[in-house]
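Residue-level structure breakdown
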Amino acid sequence: MCTSSVGKMMAGYGECWLRPGRLLLFFLWLLLASCAARPVPLHEGRPVVVLQWPSAPEPARIEWVKTIADYRDAGISEGVWQKLAGFFTGQRREGLVRPHGLLYDGAERLFVADPGAGIVHQFDLKNGRYRVIGRDPGIRLISPIGLAEDDQEHLFITDSAAGKVYRYDLREDRLEAFLVIPLERPTGIVWNRHNRLLYIVDTLGATVVAVNDRGEEQLRIGGAPNAETGFNHPTDIWADAAGRLYVTDSLNFSIKIFTPTGEPDHQFGEAGDTFGTLNKPKGLATDSQGHLYVCDALHDAIQIFDDSGRLLLAFGTRGTGNGEFWMPSGIFIDQRDFIFVADTYNRRVQVFRYRSEAAAGTGAAPAKAGKQP
């Protein structure tokens, strides 16, 4: 039995392993771990193994950057006291379980909605911090799906199982109920900076509802399951640089585009089992050139279309390796054209980068439509 004060503290952990020699080795390890070199930040450097689409020798348009399955992959290291607590209790920071919605903001924070864990992961890549959102004493998330952020440091979270939308104050670390109108199953969500409205997809209600910063309804899009003006099981939404809205109309196998005021612009897509068709479309996003990226969970790939719906390129295939997917669900593209993809059943987020013709150092035309990577 240990007779030291430390040994008495740890008596409940079994045999006395904190003898002076072992204690010294432990603190030496702790010191070395805390001084370890930090991984290269997301926006710097390039991976050792280069994966690109289309394949070489054609100029790269999409490049694989990295995979994030937990805080370590995001370049975040535990502080000394977190390491000490984990060493004594055996508890570690959480990895991704079933990631879906993604958001990467100007403060270099990656948010991942994880319905499998019932939380939102916050990876602060700039400051090297990790936080869990959704386990507050008063409010616990059930199935967080969609994420959006306004310009007032508010993160909005849809909880499809609870039928609610929450607002998280990033400055005060406070989660609260937001909406004052009922929704059946809120899923996709986006904040439009052009009119400062928050657009929420209600999948079971077959509508998109726009609300102001008080949660009051301002307009409603859809409401009837028809191919021309309504939706049939809409899921995800994105607002481009001009404020146009893109909605995944999953059971109509199409993408519908609207003006910020909710008027139909145009649509494209049809069912099929080849690239260029949309069999199981999910998350969607646009890059700096206006190309539209769509996660297709049936193809286990990301398809890229021009504004008219013409296929430009597809990247990814079924598998567990880098650049491979198993049911990709969510996608987010930041202002530097970094592409974050929720590789849901591989329990990770994969990061890619779009390279324009200028960045690729060539004036070559885009990849042939329908070309499989």
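So, here is what we can say about the structure in this document.

1. Examining the sheet that holds strand S12 (residues 197-202)
- In space, the four strands of this open sheet follow the order S11-S12-S13-S14, with antiparallel pairing throughout. Strands with a single pairing partner mark the edges of an open sheet, and in this sheet they are strand S11 (186-192) and strand S14 (217-222). Each strand of the sheet is rotated relative to its neighbour by a mean of 20 degrees, with strand direction disregarded.
- Sheet topology places strand S13 (residues 207-211) next to S14; five bridges connect them, and they run antiparallel. Directly across from Val208, in S14, lies its bridge partner Ile221.

2. What about the nonpolar core?
- Judged by nonpolar contacts, the single largest core of 65 residues is most densely connected at Ile62, Phe123, Leu155 and Tyr293.
- Excluding its chain neighbours within four sequence positions, the residues that come into contact with Phe123 are Asp70, Tyr71, Ala74, Ile76, Leu96, Glu108, Arg109, Leu110, Val112, Arg129 and Tyr130.
- By size, the runner-up hydrophobic cluster in this structure holds 15 residues, among which are Leu197, Ala206, Ile237 and Ala239.

3. Topic: the sheet that holds strand S16 (residues 245-249)
- Read from one edge of the open sheet, four strands run S15-S16-S17-S18, paired in antiparallel fashion. The sheet terminates laterally at strand S15 (234-239) and strand S18 (264-268), the two strands that pair on one side only. Taking the axes of each pair of neighbouring strands and ignoring which way they run, one obtains an average angle of 20 degrees across the sheet.
- Relative to S16, S15 runs antiparallel, the two sharing four bridges. Following the sheet pairing, Pro234 is matched in S16 by Asp249.

4. A closer look at the pattern of salt bridges
- Scanning the model with the defined rule gives 21 salt bridges in all.
- Across the salt bridge formed by Glu217 and Arg220, the nearest N and O atoms sit 2.9 Å from each other.
- For Glu217, a relative accessible area of 34% puts it in the partly exposed group.
- Of the residues examined, Arg220 reaches a relative accessible area of 43% and is grouped as partly exposed.
- Among the ionic contacts, a cluster of salt bridges with common partners joins Arg167, Asp169, Glu172, Arg174 and Glu176.

Definitions and cut-offs
Residues numbered from 1 in each chain as written. Predicted model: local features only at pLDDT ≥ 70, side-chain atom pairs only at ≥ 80, totals over all residues. Heavy atoms only, no water. Pairing = 2+ DSSP bridges. Helix = DSSP H or I, 4+ residues; strand = E, 2+ residues; numbered from the N terminus. Axes fitted to C-alpha atoms, helices over the stretch in contact; angles between N-to-C directions. Core = buried A, V, L, I, M, F, W, Y, C linked by side-chain atoms within 4.5 Å. Buried < 20%, exposed > 50% of the residue type's maximum accessible area, 1.4 Å probe, protein only. Contact = heavy atoms within 4.5 Å. Salt bridge = Lys/Arg side-chain N within 4 Å of Asp/Glu carboxyl O.

The values are spatial; any link to function lies outside them.
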